[in-house]
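Residue-level structure breakdown
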Amino acid sequence: MAEQNGREMIARRIAKEFKDGDIVNLGIGLPTLVANYLPEGVEILLHSENGFIGLGTVPPPGEEDKDLINAGNQFATVVPGASFFDSATSFTIVRGGHIDVTVLGTLEVDREGNIANYIIPGKMMPGMGGAMDMVVGAKKVIIATDHLDKHGNPKILKKCRLPLTAVGEADLIVTDMAVIERTGEGLVLKEIAPGLTVEEVVKNTEAELIVNGSVKTIEV
Amino acid sequence: MAEQNGREMIARRIAKEFKDGDIVNLGIGLPTLVANYLPEGVEILLHSENGFIGLGTVPPPGEEDKDLINAGNQFATVVPGASFFDSATSFTIVRGGHIDVTVLGTLEVDREGNIANYIIPGKMMPGMGGAMDMVVGAKKVIIATDHLDKHGNPKILKKCRLPLTAVGEADLIVTDMAVIERTGEGLVLKEIAPGLTVEEVVKNTEAELIVNGSVKTIEV
Amino acid sequence: MNKVTTLENAMKRVTDGMTIMLGGFANVGTPELLVEAVVAKGVKDLTVVCLDAGLPGKGAGKLINARAIKKYITSHVGLNPEFSRQKCSEQPETVLVPQGTLAERIRAGGAGIGGFLTPTGVGTLVEEGKQKLTLNGKDYLLELPLKGDVALVKAYRADKAGNLVFRKSARNFNPLIATACEYVIVEAEQIEDVGVIDPDQVMLSGVFVDAIIQG
Amino acid sequence: MNKVTTLENAMKRVTDGMTIMLGGFANVGTPELLVEAVVAKGVKDLTVVCLDAGLPGKGAGKLINARAIKKYITSHVGLNPEFSRQKCSEQPETVLVPQGTLAERIRAGGAGIGGFLTPTGVGTLVEEGKQKLTLNGKDYLLELPLKGDVALVKAYRADKAGNLVFRKSARNFNPLIATACEYVIVEAEQIEDVGVIDPDQVMLSGVFVDAIIQG
């Protein structure tokens, strides 16, 4: 599947998870795209961990405000009804369970919902930022990721090998190949990308996938 | 000593403890009077535990604001430079050590600086309000009290008998008879009211008073 | 999202036995209309969290007089002699909490904090039943978060999305309880269109608010 | 009390080996003049608490390039590759803290809280060396307060008594660090006479502020 189409499909599919009025935090990169594909009639408010609710679009050139960036250090705008606050309040919102959905990328995720997305020892150690609080605090954690890493190895594992961001917090995994739900029994394969077979998805997933006969094709 | 003069002397003497720029919390009753006797050149800011810094005088009749009271439920005003905040911030200021001096009355105080001023079991149980946080948090705790209770019994005891407000927090005790400092060695008699002898003060104090020869007369 | 609704609608979420948090300090910043509506609904066995017991017949005092309360978590009941008068007979079980600890416990409930250590109350009756920890030679009590089912909040201004502005000493516990309850009802003196309130001047984000009624 | 002073005067309190807290998020809300003054003073062996490591050559990046830092307590250093490049040789000892925990630890330092329980970091490397408590079947880490000697704060408006107003996302850690440090220096874009700022719109009370310089 073409990289670009895969990313767009992931974003479009995740956007369908939102309910009108949801408070949502989108991680940097692919998750940011999700905001472009909201279904008709669904309005959400975006939380920006650096201190506001109501993140808007990127400002046009020349209209940047030096005091207004998003958490990824890009100039930002706010929508009507926005509110600014300090970092303690920002994480009161996060850790206190006031975020309905967070969408974030990952390096690895496993069958118990463990997430590893902030460190590769010796190689990439930028720090966890707000990710640990976010996945622990948000009511629903959606992982947006390519199904395979750039070497073609599965990212959905029996058990994460990298240091964890959090234990057992992933609720839904949306990839360019599949939509997978974490349940008490394990990972359930709910949907697969057009043109793929269940066998192909299973083969590309290290973790066992529960298939209960009703796998749909991803509709976006 | 006449009740009224005694109270005024206590208030005037305590006012001399303040330094310019101090943040001060005054308890209800006698402590409130202290604000009337600030020395020339000393400006303080009063903290009101219900949510502001910069408590001013009582408003003239007809100019009360329904949204502005002090912690004793009296209509209040604010001075220029005041700031309002919520109750958590109010007690960040208190417990975090940002109050320079608090002045409060007491039922009992003892030689270890223990304070009992919020409950008489079975008789008076209104609740501690902010008193426990205040005496624990303020940098300096000044007790403003009559030396004897209304039955003529000492209020400065070897050991408090009523349930404590806090352990070891009283720094200075100012009464209608004396100024007493709590030190590592115990209570030191620093000053006595005009017309009294050291012996009279000692006789009216249950706790042992350390007298090191240099007891002055209270000047107000 | 327009969160403005009717009093009747907002009250649907209030039922017997729930925990209600109430804003106000000596009835300044108390949502009187919301309290009256709770009394009118006739719910019973409430746990109420409020800084004080109101003034007689005002604020929390109305709930007390209506015998709607089973348990009262508060810091000070001295302004309401009717509360003490009920003492022996029908008075609710009363838990007295230092004011700073009460504010912090409510904040912790809203902020996902599992507990916190405070020096307040060490060596006093407040210690009772609590875990005591010593860190660097200093004693602390472990205080636990407070959460509620419904918050009754008084605001000066609200926009229709629930962003709130409070006024003077009427702020007090109002923004705190809004973070700590499942369902947050606001009685606002002024209701504005979304976008009217400067986002920098919002004192409580609308993210915490569920319903707004005109005060 | 007029707290407005010169940069030189304010810097008198900054000395070798102290703990400095610095406001800003990706250099938005960072007091650049104050950072430059600290660098110019040539102090060494600082412990610095800051959300990130600044951008290269900006904000905290200036302190890093000047090799003024012994220990760095932060949540994210990814925006400043110069920080990572120092890694093997002269890089400061780095303590990585989850952002919400960092904010809360600073708040606790300012609020007299002896520690708090957070679910953040349970089961991760963040657990290392920390006490773990289980309450009602849920695991928490006991995180300890952070305090500092000097806070370097950026504000939009200040009155001469130190009451501050912040602007948009430049607020971030600034009001928090001001509560947690012994000496608080503010770089303000606008300085107003006392009484000009509406007391309801003050975002940080002047009680926390010691010195103000014109930004």
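Some thoughts on the overall build of chain C
In terms of regular secondary structure, chain C is built from 6 helices and 11 strands. For 215 residues, the compact-globule estimate of 2.2 N^0.38 gives 17 Å, and the C-alpha radius of gyration of chain C, at 17 Å, lies within 12% of that figure. The C-alpha extent of chain C, read off along each of the three principal axes, is 55 × 45 × 30 Å. Within chain C, the proportion of its 215 residues that are buried is 63%. Here the analysis covers contacts within chain C between residues at least 6 apart in sequence; of these, 70% occur between residues at least 24 apart. Of the charged side chains in chain C, 24 are positive and 24 negative; the average position of the first set lies 2 Å away from that of the second.

What about the interface of chain B and chain C?
Chain B puts 33 residues into the contact, and the matching count from chain C is 38 residues. Between chain B and chain C, roughly 2,900 Å² of surface is buried when both sides are summed, and carbon and sulfur atoms account for 61% of that area. On inspection of chain B and its partner chain C, the count reaches 5 salt bridges. For the salt bridge of Asp65 of chain B with Arg167 of chain C, the shortest nitrogen-to-oxygen distance reads 2.6 Å.

Considerations on the nonpolar core
Core analysis: the biggest nonpolar cluster contains 69 residues, and Ile106, Val153, Leu164 and Val186 of chain D have the highest contact counts within it. Among the nonpolar cores identified, the runner-up in size contains 68 residues, and Ala180, Ala188, Val202 and Phe208 of chain C belong to it.

Thoughts on the interface of chain D and chain A
Counting residues at the interface gives 38 residues for chain D, matched by 33 residues for chain A. For the pair chain D and chain A, the summed buried area comes to about 2,900 Å², and 60% of that belongs to carbon and sulfur atoms. There are 5 salt bridges connecting chain D and chain A. Across the pair Lys168 of chain D and Asp65 of chain A runs a salt bridge, and its minimum N-O distance is 3.1 Å. Applying the counting rule to chain D against chain A returns 18 residue pairs in polar contact (both at pLDDT 80 or more).

Some details on the packing of aromatic side chains
A ring pair, where both rings are aromatic, is described by two values, the distance of the centres and the angle of the planes. As enumerated under the stated definition, the model contains 4 aromatic pairs over all chains in all. On the basis of an interplanar angle of 50° and a centroid distance of 5.3 Å, the ring pair of Phe52 of chain A and Phe84 of chain A is categorised as tilted. Residue Phe52 of chain A is located in strand S3 (residues 52–55), and its partner Phe84 of chain A is located in strand S4 (residues 78–84); the two are separated by 32 residues in the primary sequence. A relative accessible area of 0% places Phe52 of chain A in the buried class. Ring centres of Tyr72 of chain C and Phe83 of chain C lie 5.5 Å apart, and the angle between their planes is 50°; on these two criteria the pair is classed as tilted. Note that Tyr72 of chain C is positioned in strand S3 (residues 69–74) and Phe83 of chain C in helix H4 (residues 81–85), a separation of 11 residues in sequence. Both residues of the pair, Tyr72 of chain C and Phe83 of chain C, count as buried. Lying over the aromatic face of Tyr156 of chain C, Arg167 of chain C brings its terminal NZ or CZ to 5.8 Å of the ring centre.

Quick look at the pattern of salt bridges
Counted according to the given criterion, the structure contains 46 salt bridges over all chains. For Lys140 of chain B, the salt bridge identified is with Glu17 of chain B, shortest N-O distance 2.7 Å. You can see Lys140 of chain B sitting in strand S8 (residues 140–144) and its partner Glu17 of chain B sitting in the loop between helix H1 (3–15) and strand S1 (23–26), a full 123 residues away along the chain. The class of Lys140 of chain B is partly exposed, set by a relative accessible area of 27%. Lys160 of chain D serves as the salt-bridge partner of Asp193 of chain D, at 2.8 Å between the closest nitrogen and oxygen. In this pair, Asp193 of chain D sits in the loop between strand S10 (181–192) and strand S11 (211–214) while Lys160 of chain D sits in the loop between strand S8 (148–159) and strand S9 (164–165), placing the two residues 33 residues apart along the sequence. Among the residues examined, Lys160 of chain D registers a relative accessible area of 27% and is labelled partly exposed. When salt bridges with common partners are traced through the structure, they connect Asp65, Lys66 and Asp67 of chain A together with Lys154, Arg167, Lys168 and Glu189 of chain D into a single cluster.

Overview of helix H2 (residues 32–41) of chain C
All buried positions along H2 of chain C are accounted for by Glu32, Leu34, Val35, Ala37 and Val38 of chain C. In the stretch just after H2 of chain C, Gly42 of chain C is the one whose phi turns positive, near 75°.

A few points about the sheet that holds strand S6 (residues 108–110) of chain A
Residue and element names in this part refer to chain A. Pairing is mixed across the open sheet formed by 3 strands, whose spatial order is S7-S6-S9. Of all strands in the sheet, those bounded by a partner on one side alone are strand S7 (115–116) and strand S9 (156–157). Here S6 pairs with S9 via 2 bridges, running parallel. Each bridged residue has a counterpart across the sheet, and for Asp110 the counterpart in S9 is Leu157.

Let's talk about the side chain of Lys154 of chain D
Positionally, Lys154 of chain D belongs in strand S8. When neighbours within four sequence positions are excluded, Lys154 of chain D is seen to be in contact with Gly29, Thr30, Pro31, Phe166, Asn174, Glu187 and Glu189 of chain D.

A word on unusual backbone geometry
Backbone geometry places Asn27 of chain C, a non-glycine residue, at a positive phi of 70°. Residue position: Asn27 of chain C is located in the loop between strand S1 (19–22) and H2.

Side note on the pairing of strand S8 (residues 140–144) of chain A
Residue and element names in this part refer to chain A. The element S8 is extensively covered by neighbouring structure, given that 4 of its 5 residues are classed as buried. As judged from the 4 bridges shared by strand S5 (residues 101–104) and S8, these two strands associate in the parallel manner. Of the residues in S8, the one forming a bridge with Thr102 is Val141. Summarising the sheet, S8 and strand S10 (residues 172–174) pair through 3 bridges and their orientation is parallel. Looking at the pairing, Ile143 lines up with Ile173 of S10.

Considering the environment of Leu45 of chain A
Mapped onto the fold, Leu45 of chain A is located in strand S2 (residues 45–48). In the structure, Leu45 of chain A is positioned 11 residues away from Gly56 of chain A in sequence and 8.9 Å away in space, judged by C-alpha atoms.

Some details on the sheet that holds strand S7 (residues 138–143) of chain D
In spatial order, the strands read S6(C)-S7(C)-S5(C)-S5(D)-S7(D)-S6(D); together these 6 strands make up an open sheet with antiparallel pairing. Sheet topology places strand S6 (132–135) of chain C together with strand S6 (132–135) of chain D at the edges, where each strand pairs with a single neighbour. Each neighbouring strand pair of the sheet contributes to a mean axis angle of 30°, computed without reference to strand direction. Sheet analysis places strand S5 (residues 115–118) of chain D next to S7 of chain D, joined by 3 bridges and oriented antiparallel. Within the sheet, the bridge partner assigned to Phe116 of chain D lies in S7 of chain D and is Glu143 of chain D. The strands touched by helix H5 (residues 99–111) of chain D within the sheet are S5 and S7 of chain D, with S5 of chain D carrying the most contacts at an inclination of about 155°.

Calculation notes
- Residues numbered from 1 in each chain as written.
- Chains lettered and ligands numbered in written order.
- Predicted model: local features only at pLDDT ≥ 70, side-chain atom pairs only at ≥ 80, totals over all residues.
- Heavy atoms only, no water.
- Helix = DSSP H or I, 4+ residues; strand = E, 2+ residues; numbered from the N terminus.
- Rg over C-alpha atoms; globule rule 2.2 N^0.38 Å.
- Buried < 20%, exposed > 50% of the residue type's maximum accessible area, 1.4 Å probe, protein only.
- Contact = heavy atoms within 4.5 Å.
- Lys, Arg positive; Asp, Glu negative; His and termini not counted.
- Charge placed at Lys NZ, Arg CZ, Asp CG, Glu CD.
- Buried area = accessible area lost by both parts, 1.4 Å probe.
- Salt bridge = Lys/Arg side-chain N within 4 Å of Asp/Glu carboxyl O.
- Core = buried A, V, L, I, M, F, W, Y, C linked by side-chain atoms within 4.5 Å.
- Polar contact = N/O pair within 3.5 Å; in protein donor to acceptor, adjacent residues only side chain to side chain.
- Phe/Tyr/Trp six-rings, centres within 6.5 Å; stacked < 30°, edge-to-face > 60°.
- Lys NZ or Arg CZ within 6 Å of the ring centre and 35° of its normal.
- Pairing = 2+ DSSP bridges.
- Axes fitted to C-alpha atoms, helices over the stretch in contact; angles between N-to-C directions.

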